Amino acid sequence: MSSSIYINSKNVFLDTVNSKDYIQLDRVSTIYQALKDSIKKPLKMILLYGKPGTGKSMFLTKLYHDLSSSQIVHIYQTPILDESEFYKILAQDIFSTKYSGELNFTQFMKIVANSDISSIPVVLLDEAQLYSDALMEKIRLISDTRTIKFVITLHKTEKEDLIAKEHFQTRIWETIELENASNAELKIYIQKKLMKANCFDSANMFTTKSVNKIFKLTNGNYRDTNKLLYALFDIYSAYDTNHQLSSVGTTHVSNKLIEMSAIHTGLINA
Amino acid sequence: MLNTRDLEERWLKYKIKSYIPYATIALSSIVIIIVVSIFLNSNKVEKKTTLSPEIKVEKEVQQVKIKTILTKATEAIEKTPPTKEAIQIQKTTVEEVPKTIAIVSQGNSIKRQEASLKLSPSLDFMKKMQHSSLPYYQEESAIEQESRSQIVEEVEELEIEENTDTTVVEEEPKKITIQRRDSADDIRGIIKRFKKNNNPALSLFIAKKYYELGEYHKAYNYALITNEINSDIDASWIVSTKSLVKLNQKDMAIQTLKQYIEDSHSSSAKILLDEIISGKFR
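Everything numeric in this text was worked out from a predicted model, so none of it was measured. (Residues numbered from 1 in each chain as written. Chains lettered and ligands numbered in written order. Predicted model: local features only at pLDDT ≥ 70, side-chain atom pairs only at ≥ 80, totals over all residues. Heavy atoms only, no water.)

## Some words on the packing of helix α11 (residues 250–264) of chain B against helix α12 (residues 267–278) of chain B
Residues and elements named next belong to chain B.
Phase 1 of the analysis: Where α11 meets α12, the axes come as close as 10 Å, and the angle between the chain directions of the two elements is 155°. As the angle between them shows, α11 and α12 are arranged roughly antiparallel. Crossing handedness for the pair α11 and α12: left-handed. Within the contact between the two elements, α11 uses K250, I254, L257, K258, Y260 and I261 and α12 uses A269, K270, L272, L273, I276 and I277.
Phase 2 of the analysis: For the contact of α11 with α12, the residue count by class is nine nonpolar, no polar and three charged. (Axes fitted to C-alpha atoms, helices over the stretch in contact; angles between N-to-C directions. Helix = DSSP H or I, 4+ residues; strand = E, 2+ residues; numbered from the N terminus. Parallel < 35°, antiparallel > 145°, perpendicular 65-115°, else oblique. Left-handed = near helix turned anticlockwise from the far one by under 90°. Contact = heavy atoms within 4.5 Å. Nonpolar A, V, L, I, M, F, W, Y, C, P; charged D, E, K, R; others polar.)

## Concerning the confidence of the model for chain B
Residue and element names in this part refer to chain B.
Phase 1 of the analysis: With 56% of its residues at a pLDDT of 70 or more, chain B has an overall mean of 71.
Phase 2 of the analysis: In this model, residues 89–112 is a region of pLDDT below 50 whose contacts with residues beyond four sequence positions or in other chains number 41 contacts.
Phase 3 of the analysis: The low-confidence segment residues 133–143 (pLDDT under 50) makes 18 contacts with residues lying over four places distant or belonging to another chain. (pLDDT = per-residue confidence, 0-100.)

## Some words on the interface of chain A and chain B
Phase 1 of the analysis: Taken together, the contact between chain A and chain B spans 16 residues of the former and ten residues of the latter.
Phase 2 of the analysis: Summed over both sides, the interface of chain A with chain B buries roughly 1300 Å², with 66% coming from carbon and sulfur.
Phase 3 of the analysis: Taken as a group, E259(A), M260(A) and I263(A) account for 34% of the area that chain A buries against chain B, more than any other trio of residues on that side.
Phase 4 of the analysis: Run the count over chain A and chain B and you get two salt bridges.
Phase 5 of the analysis: With its nearest N and O atoms 3.3 Å apart, the salt bridge here joins K15(B) to E259(A). (Buried area = accessible area lost by both parts, 1.4 Å probe. Salt bridge = Lys/Arg side-chain N within 4 Å of Asp/Glu carboxyl O.)

## Looking at the layout of surface pockets
Residues and elements named next belong to chain A.
Phase 1 of the analysis: Taken as a whole, the largest pocket holds about 510 Å³ of empty space.
Phase 2 of the analysis: G55, M58, Y189, Y222 and N226 are, among the 30 residues lining the largest pocket, the residues nearest its centre.
Phase 3 of the analysis: Contributing elements (two or more residues each) for the lining of the largest pocket: α1 (3–12), α2 (26–40), α3 (56–67), α9 (183–196) and α12 (222–241).
Phase 4 of the analysis: Looking at the lining of the largest pocket element by element, the count peaks at four residues for α3.
Phase 5 of the analysis: Grouping the amino acids of the lining of the largest pocket by side-chain chemistry returns 14 nonpolar, eight polar and eight charged.
Phase 6 of the analysis: Residue-level mapping places the lining of the largest pocket at the junction of two domains, with at least three residues from each of domain 1 (3–15 + 183–265) and domain 2 (26–178). (1 Å grid on protein atoms, 1.4 Å probe; cavity = no way out; pocket = protein on both sides within 12 Å on 5 of 7 lines; lining within 4 Å. Points joined across faces, edges and corners; volume = space filled by probe spheres on them. Domains from an automatic or database assignment.)

## Overview of the packing of aromatic side chains
Phase 1 of the analysis: Per the counting criterion, the structure on display carries 16 aromatic pairs over all chains.
Phase 2 of the analysis: An angle of 10° between the planes, with centres 5.2 Å apart, marks the rings of Y6(A) and Y236(A) as stacked. Residue Y6(A) is found in helix α1, and its partner Y236(A) is found in helix α12; the two are separated by 230 residues along the sequence. For the residue pair Y6(A) and Y236(A), the accessibility class agrees, reading buried in each case.
Phase 3 of the analysis: Following the ring pairs from residue to residue traces out a cluster consisting of F86(A), Y87(A), F95(A), F105(A), F108(A) and Y131(A).
Phase 4 of the analysis: The ring centre of F105(A) lies 5.9 Å from the NZ or CZ of K138(A), which sits over that ring.
Phase 5 of the analysis: Sitting above the plane of the F281(B) ring, K246(B) keeps its charged end 5.3 Å from the centroid. (Phe/Tyr/Trp six-rings, centres within 6.5 Å; stacked < 30°, edge-to-face > 60°. Buried < 20%, exposed > 50% of the residue type's maximum accessible area, 1.4 Å probe, protein only. Lys NZ or Arg CZ within 6 Å of the ring centre and 35° of its normal.)

## Considerations on the environment of L257(B)
Phase 1 of the analysis: The residue L257(B) is located in helix α11 in this model.
Phase 2 of the analysis: In this structure, L257(B) is in contact with T241(B), A269(B), L272(B), L273(B) and I276(B), ignoring residues within four places of it in sequence.

## Thoughts on the pairing of strand β2 (residues 73–76) of chain A
All names here are of chain A.
Phase 1 of the analysis: Neither face of β2 is open: one carries V73 and I75, the other H74 and Y76, and all of them are buried.
Phase 2 of the analysis: Inspection of the sheet shows β2 paired to strand β3 (residues 122–125) by four bridges, in the parallel sense. Note that in β3 the partner of V73 across the bridge is V122. (Pairing = 2+ DSSP bridges.)

## Let's talk about the environment of R146(A)
Residues and elements named next belong to chain A.
Phase 1 of the analysis: Among the structural elements, R146 can be located in the loop between α6 (133–144) and β4 (149–155).
Phase 2 of the analysis: Of the residues examined, R146 reaches a relative accessible area of 38% and is grouped as partly exposed.
Phase 3 of the analysis: For R146 and I120, which are 26 residues apart along the polypeptide, the C-alpha to C-alpha distance reads 7.6 Å.
Phase 4 of the analysis: Discounting chain neighbours no more than four positions away, the residues touching R146 are P42, K44, I120 and W173.

## Overview of the pattern of salt bridges
Residues and elements named next belong to chain A.
Phase 1 of the analysis: Tallied over the entire structure, the rule returns eleven salt bridges over all chains.
Phase 2 of the analysis: R140 is the partner of E137 in a salt bridge, and the nearest nitrogen-oxygen pair spans 2.7 Å. With E137 and R140 both in helix α6, this residue pair falls three residues apart, about one helical turn.
Phase 3 of the analysis: We classify E137 as partly exposed; its relative accessible area is 24%.
Phase 4 of the analysis: Counted as one network, the salt bridges with shared partners bring together R27, E179 and E185.

## With respect to the pairing of β3(A)
Residue and element names in this part refer to chain A.
Phase 1 of the analysis: Alternating positions in β3 separate into two faces, V122 and L124 on one and V123 and L125 on the other, with burial throughout.
Phase 2 of the analysis: The sheet contact formed by β3 and β4 spans four bridges and is parallel. Each bridged residue has a counterpart across the sheet, and for L124 the counterpart in β4 is V151.
Phase 3 of the analysis: Following the backbone out of β3, through α6 and into the adjacent parallel β4, one traces a crossover that is right-handed. (Right-handed = clockwise from strand over helix to strand, strands pointing away.)

This is the structure in structure tokens:
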């Protein structure tokens, strides 16, 4: 195997949110279908939550790409922390209303009331835990008008805090939890991801034993797995360059190299 | 590019670190197993060491006791009728033998075994006393009356020791059941036992008893029987000749004694012969 294969394999696991890199797994597909169905329902707000690295952002991006062809959908992956800025961006993107000065909640509600949009636009807010409580309360009031539908993602702990507020809980009509992958799902995830990039030799290197080792280290977390495999193929390419590949073998992923990459990424505290 | 050498070093350290708990567990378990096995072995050895000396000493005691009893038996057979002092010694030995047996039955402690071993000097004393011939005939009857019960005990005890091939412990109940009876009962019981085993010690005892009771004819007969069984017993020849004298067959008695003295050179027989000839013994 040439070093280019290891470099290509390494690049597959770059930690980027790209809907094209979305890997269809059975369980994830079911959840995704449930989310798509929820969008069609007259729900005010949909909450997508899970631990960091469980694929929430990827889920949201995939949803945006799938829905953008059929309906008005806007995604905000980076939180807009300033309240006026938040209203102004929403007014511009959804209602095509440019506002030069400060835009407060009352003014924005007037714009919403005067809008003549036939279909309800969907706003996807990633990392919602970063929004202030005051702004979240405003988002709740906007969703109450049923003129804008919100899909928000947040970390599990923040979601628990958020749901604890009774007034907010009544307005969340759908909650979907994303979890880490199982052993089998992780193997499929790794192999599908590599095969999608035509790295068939690299994909074949992942036996159940080596995937179990990876699972032990990452606990099925997609982000950690991506980081680990990126480091792993980085080490493989370094060995290849130093002509040391024979010492670790190329038929299957070496446990030694998995542990070395875990040390490198900080998953193992050595 | 990654510094793989540095990573490998870190990985090696990590591996060594990860094996430390397993190694310590394995080592500690091995140590525990070794300690436990040593402890168990030492316990076994202790048991053996504590038991074996007792058994050995017990065996020794048994052997010594059997020896003493056997020597006593042979000496009792060989010896002449007891003098006053001899009877006193017999008393002491007779009293001591049950002590040893009782000690063995009570326990196996070393101190007690030592006590039983101390019996041997008394036997030496007996031997010494046996060789010294003393004028005993005048005092014999009175002393014999006193020591009759003791003699009975002795004879019974010797009988038990000789007839049992097993351990001394088995003999204990027999000795405990020793009871003093009157002379007639004693003779009857001993005659029964004599008929069973033909022991010359018993027939001699019977002869002596009949002699004491004045039944000289019977005494002579039993003395003759004893001589037929064992012709080397001084006491039986003496009893037989004394009975002959009492039956007014002095000449026959003298003749018999002379013949016996020629064969055995017995000093006690010579003394008796002198006494018969001089008329001291009638």
